[in-house]
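Chain and residue survey
Given next are the chains, with one letter for each unit.
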Amino acid sequence: MSARHHVLAIGNALVDVITAAEPAFLEGQGIPKGVMRLIGADEAETLYAAMGPGREISGGSAANTLAGMATLGARTVFVGRVADDQLGRVFAHDIRAAGVDFTTPASTAGAPTGRCLIVVTPDGDRTMNTFLGACQELSEADIDADMVAASDILYLEGYLWDPVAPRAAMRKAISIARANNRKVALTLSDVFCVEGHRADFKALLESHVDLVFGNEHEVCALYQTDLDTAMSELAKHSCTTVVTRSGAGAVVIADGRHHVVPAEPATRVLDTTGAGDLFAGGFMAAMVEGRSLPDCARVGCIAAAEVISHYGARPEADLKAIVKARLG
């Protein structure tokens, strides 16, 4: 079966609301600087009202990854749940305008569209306050078996592994992908995801996924050890693992080998939101082009360097042109 899409991703359908503020704003709200935390509907409304002028754009980790891939010319489709409300319409419009297919029906009842309220401080650090809302209502019924079967790679967002219904949806998608000889990729997403689902994630690495993305803190949390030992453990699996290390670049572990790739110099660091998401997008876009694993990581580093040079988790420059200029 020929692939209709290069990547089908399942993840949180969020609208990012991004504002710049001094650390004193976070202190006044009682929010630790630099954290990613989940909040309820009431706090989401209160914090949104207190934030200064900002930008509203469709977000969510996997959605950001696909937007980056689309910029690089890949065919992508996103599966995630929004509500039939104003932010839901913002999400649908933005992700489609980015070149990503999106057909998951909006909820007409239940929780409102999820949103991530992001406060960026002058040092480029971001504090993320996430209300998941309708995201958690994604179910097995939202999985289109034919669409999964017709995608080269199924990409799973670790953030969405926590709620029961979305987890069941992702397990169904894994079974369909496996039955059709499609690749399965997973992003560990965050240390708190790893700590909450360590056994599940290890089981996925052992027999259900072909490609895993995690930063150095996440892989250390997975094995509850130091980085060198964690990478040695990762090398025992048959899947390819990519460990990102911020300014130290990335390490690709495959077939028992470690490919070390340096970080791409950034023109400036304004907002680190989406760096890992865009790295994964660049990596997979290069992979479907047939590039070597080290070059896949280089494209990932190029995409990450671009996105941290401006506010927001979506590329603003022509990534395809940048990659061509750097790597040909």
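Residues numbered from 1 in each chain as written. Predicted model: local features only at pLDDT ≥ 70, side-chain atom pairs only at ≥ 80, totals over all residues. Heavy atoms only, no water.

As a further point, take the environment of Ala317. Note that Ala317 resides in the loop between helix H12 (293-307) and helix H13 (319-327). By relative accessible area, Ala317 is classed as partly exposed at 32%. It is 33 Å that separates the C-alpha atoms of Ala317 and Arg257, two residues lying 60 residues apart in sequence. When near neighbours in sequence (up to four residues on either side) are disregarded, Ala317 contacts Thr71, Glu306 and Ile322. (Helix = DSSP H or I, 4+ residues; strand = E, 2+ residues; numbered from the N terminus. Buried < 20%, exposed > 50% of the residue type's maximum accessible area, 1.4 Å probe, protein only. Contact = heavy atoms within 4.5 Å.)

Looking now at the sheet that holds strand E8 (residues 126-131). Through backbone hydrogen bonds, the strands of a sheet pair up, either in parallel or in antiparallel fashion. Ordered by their spatial adjacency, five strands build an open sheet running E3-E8-E7-E2-E4, and the pairing between neighbours is mixed. Where the open sheet ends on each side, the last strands, each with one partner, are strand E3 (36-38) and strand E4 (55-59). Adjacent strand axes in the sheet meet at a mean angle of 20° when their direction is disregarded. Bridge count between strand E2 (residues 14-20) and strand E7 (residues 114-120): seven bridges; the pairing is parallel. From the neighbouring strand, Val15 faces E7, where its bridge partner is Arg115. On top of the sheet, helix H2 (residues 41-50) reaches E2, E3, E4, E7 and E8; it is set at about 45° to E7, its chief contact. (Pairing = 2+ DSSP bridges. Axes fitted to C-alpha atoms, helices over the stretch in contact; angles between N-to-C directions.)

This model, assessed by the stated rule, comprises 15 salt bridges. Residue Glu45 pairs with Arg115 through a salt bridge whose shortest N-O separation is 3.7 Å. You can see Glu45 sitting in helix H2 and its partner Arg115 sitting in strand E7, a full 70 residues away along the chain. Residue Glu45 is classed as partly exposed on the basis of its relative accessible area of 49%. On the basis of relative accessible area, Arg115 is assigned to the buried category, the value being 10%. The partner of Asp152 in a salt bridge is Arg182, with the nearest N and O atoms 3.7 Å apart. Linking Asp152 in strand E9 (residues 151-157) with Arg182 in the loop between helix H6 (164-179) and strand E10 (183-187), this pair joins segments that are 30 residues apart in sequence. Residue class for Asp152 comes out partly exposed when judged on its relative accessible area of 27%. Linked by salt bridges that have partners in common, Lys33, Asp123 and Asp125 make up one network. (Salt bridge = Lys/Arg side-chain N within 4 Å of Asp/Glu carboxyl O.)

Right, let's get into the sheet that holds strand E1 (residues 5-10). Read across the open sheet, the nine strands follow the order E6-E5-E1-E9-E10-E11-E12-E13-E14; overall the sheet is mixed. Lying at the two open borders of the sheet, with one neighbouring strand each, are strand E6 (101-102) and strand E14 (257-261). With five bridges connecting them, E9 and E10 associate as parallel partners. Each bridged residue has a counterpart across the sheet, and for Glu157 the counterpart in E10 is Thr187. Those strands touched by helix H10 (residues 227-234) are strand E12 (240-244), strand E13 (250-254) and E14, and its axis lies near 160° from that of E12. In the packing of H12 onto the sheet, contacts are made with E12, E13 and E14, and the angle to E14 comes to roughly 35°.

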